[in-house]
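# Structural description and commentary
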Amino acid sequence: MGIVLKTFYLLVITFGFIACNTERQEEEVNNQNAEPSVAHLHAYKAVHHAEYLRTTVADAGGTNKLIHTTELPTEGTDPVVTPALDHLYTKAVIDLTSGPVVLEVPEVPEGRYFSIHITDQEHYTIYDENHPAGKYAFVRKGYQGDLPEGATVIESPGDYPHLFIRVQIKTQEDKPNVLAVQEQIKLTGLRKTLEFDNAIQFTLDTHDIYAANSGLLESVLDFSDEDHQKVTQFVNKRALTIPNNMGAFGPIDSKEPNSNDPEIRAAAIIGHLGLPAEHALYLPFFADCDGKALQGDEIEVFTFPYEPENVRDFWSVTRYSLLTRNTIPGRNDIFNAYNTKPDDNGNITVTFSGEDPKDGTYWMPVNAGEQYYFIVRYYGPDLNNLPPRPCDVNQ
């Protein structure tokens, strides 16, 4: 009888251990598959942007110092993820801790896209303008002091707004014209370093959090690398379901649809410093027309209109590695109206493949065994009458 009871107790303990262990495994799986909280999605943006600010300051040699991209980032080395190859960048981390900062930009003739785009520390647009000219004064919200006469005032809810200036480049031969524009851009403000231990605490200490996001960052001060990876995995999957950048990059409470959707805002980190849709409509493609992930071992063919309707300025098609979210070293990465010609139907056809098809289509090289994606950019779009997606164009 004692042996039977002992055996019974051992079985209970054993099954109890197995049950607990199974429950823990199921809990771990559920945690891995669980959608991140709104707080984690917001922290993901804040951490990524803060780290980007620190990197940019280090590269520039200080805050309030312009850093110009003078070569197209076709070797996968630009710190901007999913960089556009339509223009050269001018960037700076504005530092308002010692007072206003003044930006001066030249007047650029029509026919060349030229814009400024200012982003705050919660990854919302606080100012954007197509074809700016003259003086701009950056101030901390509530500033009451002196300002340059005639300057356009840009109020920031934080100490460190990010300045992004884009100057369109049409071909490599056009580059001297772009560099001449960059040389006329001036930024005046005290130069400092930027360091912090905790990106979220840094954001809380230096930025006035929007009322709609009150309490979110405080609740995840311990946001870890593991948390960051989990959100990254989630937004990578979520991005596959997002048709364009509507609501992803504009101001908080923007008129664009989805502007307050935390998942779309977090997924926008894939293109971190993208423009609001009124400037440029981005159509991301991570899969073919049948919904299958784009893979370098396959041959994919897409057709694009050479003169898309409802597009005021220009367009481009740029391909990126899904591993690096950047261009592919040593390969052509972009097609646009300046390096292609339309066929008899007014379209261009692009073949994505590991080897040149030599069939008269435009070849976009991809790496075998590696997933990739491409972005179609339409500058100056009519948001009430969107251009067609490639899968909708008759081939």
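Because the structure is predicted, anything quoted here is derived from the model rather than measured. (Residues numbered from 1 in each chain as written. Predicted model: local features only at pLDDT ≥ 70, side-chain atom pairs only at ≥ 80, totals over all residues. Heavy atoms only, no water.)

Another aspect to go through is the confidence of the model for the protein. The predicted model of the protein has a mean per-residue pLDDT of 89, with 91% of residues at 70 or higher. This stretch, residues 1-31, has a pLDDT under 50; its non-local contacts, to residues over four places away or in other chains, come to zero contacts. (pLDDT = per-residue confidence, 0-100. Contact = heavy atoms within 4.5 Å.)

Aromatic rings considered in pairs are described by the distance between their centres and by the relative angle of their planes. With the rule as written, the count across this model stands at 20 aromatic pairs. When the centroid spacing of 4.9 Å and the interplanar angle of 15 degrees are considered together, the rings of Phe285 and Phe374 count as stacked. Of the two residues, Phe285 is situated in strand S10 (residues 280-285) and Phe374 in strand S16 (residues 372-379); the sequence distance between them amounts to 89 residues. According to the relative accessible area criterion, Phe374 is buried, its value standing at 0%. Members of the aromatic cluster, each reached through a chain of ring pairs, are Phe285, Phe302, Phe304, Phe352, Tyr372 and Phe374. A cation over a ring is seen here: Arg54 above Phe196, with NZ or CZ 4.0 Å from the ring centre. The ring of Phe164 has Arg166 lying over it, and the distance from NZ or CZ to the ring centre is 4.0 Å. (Phe/Tyr/Trp six-rings, centres within 6.5 Å; stacked < 30°, edge-to-face > 60°. Helix = DSSP H or I, 4+ residues; strand = E, 2+ residues; numbered from the N terminus. Buried < 20%, exposed > 50% of the residue type's maximum accessible area, 1.4 Å probe, protein only. Lys NZ or Arg CZ within 6 Å of the ring centre and 35° of its normal.)

Let us look at the sheet that holds strand S7 (residues 152-156). Strands pair in a sheet through their backbones, by hydrogen bonds, and they do so in one of two ways: parallel or antiparallel. One open sheet holds the four strands; their spatial order is S7-S6-S3-S9, and the pairing between them is mixed. Each of the sheet's edge strands pairs with one partner strand only, and the pair in question is S7 and strand S9 (186-188). Taking the axes of each pair of neighbouring strands and ignoring which way they run, one obtains an average angle of 20 degrees across the sheet. (Pairing = 2+ DSSP bridges. Axes fitted to C-alpha atoms, helices over the stretch in contact; angles between N-to-C directions.)

Here helix H2 (residues 38-60) crosses helix H4 (residues 199-206) at 85 degrees, and the two axes come no closer than 9 Å. It follows from the interaxial angle that H2 and H4 lie roughly perpendicular. Counted together, Ala43, Ala46, Val47, Ala50 and Glu51 of H2 and Ala199, Ile200, Phe202 and Thr203 of H4 form the full contact between these two elements. Here the residues of the contact of H2 with H4 are counted per class, giving seven nonpolar, one polar and one charged. (Parallel < 35°, antiparallel > 145°, perpendicular 65-115°, else oblique. Nonpolar A, V, L, I, M, F, W, Y, C, P; charged D, E, K, R; others polar.)

As a further point, take the sheet that holds strand S14 (residues 347-353). Across the sheet, which stays open at both edges, the three strands sit in the order S11-S14-S15 with mixed pairing between neighbours. With one partner strand each, in any of the chains shown, strand S11 (300-305) and strand S15 (362-365) form the two edges of the open sheet. The sheet shows a mean angle of 30 degrees between the axes of neighbouring strands, taken without regard to direction. When S14 meets S15, the two strands line up parallel, connected through four bridges. Within S15, the residue paired with Val350 across the bridge is Tyr362.

This part is about the environment of Leu41. The residue Leu41 is located in helix H2 in this model. Residues Leu41 and His228, 187 residues apart in the sequence, show an inter-C-alpha distance of 9.1 Å. Setting aside chain neighbours within four positions, we find Leu41 in contact with Pro36, Val231, Phe234, Val235, Pro262, Glu263 and Ala266.

A separate point is the side chain of Glu263. Tracing the sequence through the fold places Glu263 in helix H6 (residues 262-267). For Glu263, the side chain forms a polar contact with the side chain of Arg238, separated by 2.6 Å. For Glu263, the contacting residues outside a window of four places in its chain are Glu35, Leu41, Phe234 and Arg238. (Polar contact = N/O pair within 3.5 Å; in protein donor to acceptor, adjacent residues only side chain to side chain.)

Let us now look at the packing of H2 against helix H5 (residues 225-239). Where H2 contacts H5, the axes come no closer than 10 Å and their chain directions differ by 105 degrees. By the criterion of interaxial angle, the relationship of H2 to H5 is roughly perpendicular. Along the contact surface, H2 presents His40, Leu41, Tyr44, Val47 and His48, while H5 presents Asp227, His228, Val231, Thr232, Phe234 and Val235. Its residues assigned to classes, the contact of H2 with H5 comprises six nonpolar, four polar and one charged.

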